[in-house]
Amino acid sequence: NAGVTQTPKFRVLKTGQSMTLLCAQDMNHEYMYWYRQDPGMGLRLIHYSVGEGTTAKGEVPDGYNVSRLKKQNFLLGLESAAPSQTSVYFCASSATRVPRTEAFFGQGTRLTVV
Amino acid sequence: KQEVTQIPAALSVPEGENLVLNCSFTDSAIYNLQWFRQDPGKGLTSLLLIQSSQREQTSGRLNASLDKSSGRSTLYIAASQPGDSATYLCAVREAAGNKLTFGGGTRVLVKP
């Protein structure tokens, strides 16, 4: 039972490079979320999706783009990485129907931009 | 805009003492509230989920209460153990829009 899987787990990028983080869930969840976690800042919402083909901005969307072409996948893209995007990125998914509406999280992607 | 606050930011207790962790939110129009545990360098583990229509949930030594009208939730951990040392986070899912907003967390240290 995989749950929420994030790929890759670690990555080092040079400033200006691009990359895509993949989040895959096998629970048929409608909602998916991308967060970043920085020391002393808690988890901040970057983008989220309430269904296939839909995305919405969260609290800190600048510098990131997302796509939800398939229900099970939510991609987070960095077009031109900056040192300020060094962070741990978490993906989550949740269902819409009670009682199992809790959010499940992936193990995180540790990204360093040098 | 929903704001979620957890006070205190850090807490240290001797083993065996009960833990009381607080979470407050500004917009009472929520769908549910969830408590998580995070160990250093790890992901988030779900502890308890409370739907907006519920007042509390219990799992083993953990009990979480929800007072939606006052915008508060409390996580109680009975008879704390050193293995309970971790950061505890609460998250609120909004009723409209379905954003999931986190508090800053409470870092707990249980001393043997």
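Preceding this section is the structure that the text describes.
Remember, it's a predicted structure, so these values are computed and weren't measured experimentally.

J.: What's the story with the pairing of strand S4 (residues 31–38) of chain A in this structure? I'm lost.
T.: If a strand is regular, its side chains alternate between the two faces of the sheet. Residue and element names in this part refer to chain A. Among the eight residues in S4, eight count as buried, and that is most of the element. Burial of the side chains of S4 extends over both faces: Tyr-31, Tyr-33, Tyr-35 and Gln-37 are buried on one face and Met-32, Trp-34, Arg-36 and Asp-38 on the other. Strand direction decides the pairing type here: S4 and strand S9 (residues 87–94), joined by seven bridges, are antiparallel. Bridge assignment links Tyr-31 to a residue of S9, and that residue is Ser-94. Bridge count for S4 against strand S5 (residues 42–49) is seven bridges, and the pairing is antiparallel. Its bridge partner being in S5, Tyr-33 is matched across the sheet by Tyr-48. In this structure, the hairpin formed by S4 and S5 is closed by a connection of three residues, where Gly-40 is found at a positive phi of approximately 75°.

J.: Can you help me understand the sheet that holds strand S8 (residues 72–77) of chain B in this one?
T.: Backbone hydrogen bonds hold the strands of a sheet together, and the pairing may be parallel or antiparallel. Residue and element names in this part refer to chain B. Across the sheet, five strands lie side by side as S1-S3-S8-S7-S6; this open sheet has antiparallel pairing. If you trace the sheet from one side to the other, it starts and ends with strand S1 (4–5) and strand S6 (56–59), each paired once. Of the pairings in the sheet, the one linking S1 to strand S3 (residues 19–25) comprises two bridges and is antiparallel in character. By the bridge assignment for S3, Thr-5 is matched with Ser-24.

J.: So what exactly am I meant to see when it comes to the pattern of salt bridges here?
T.: Where side chains of opposite charge bring their charged atoms close, a pairing between them can arise. Taken as a whole and assessed by the stated rule, the structure comprises five salt bridges over all chains. Across the salt bridge formed by Asp-38 of chain A and Arg-44 of chain A, the nearest N and O atoms sit 2.8 Å from each other. Across the pair, Arg-44 of chain A and Asp-38 of chain A agree in class, each one buried. Here Asp-84 of chain B ties to Arg-61 of chain B by a salt bridge, and the two come within 2.9 Å at their closest N and O atoms. A residue pair is termed long-range when its members are at least 10 positions apart, and Asp-84 of chain B in the loop between S8 and strand S9 (86–94) and Arg-61 of chain B in the loop between S6 and strand S7 (62–67) qualify at 23 residues. For Asp-84 of chain B, a relative accessible area of 6% corresponds to the buried category. Within this structure, Arg-36, Asp-38 and Arg-44 of chain A form a network of salt bridges that share partners.

The rules we used
Residues numbered from 1 in each chain as written. Chains lettered and ligands numbered in written order. Predicted model: local features only at pLDDT ≥ 70, side-chain atom pairs only at ≥ 80, totals over all residues. Heavy atoms only, no water. Buried < 20%, exposed > 50% of the residue type's maximum accessible area, 1.4 Å probe, protein only. Helix = DSSP H or I, 4+ residues; strand = E, 2+ residues; numbered from the N terminus. Pairing = 2+ DSSP bridges. Salt bridge = Lys/Arg side-chain N within 4 Å of Asp/Glu carboxyl O.

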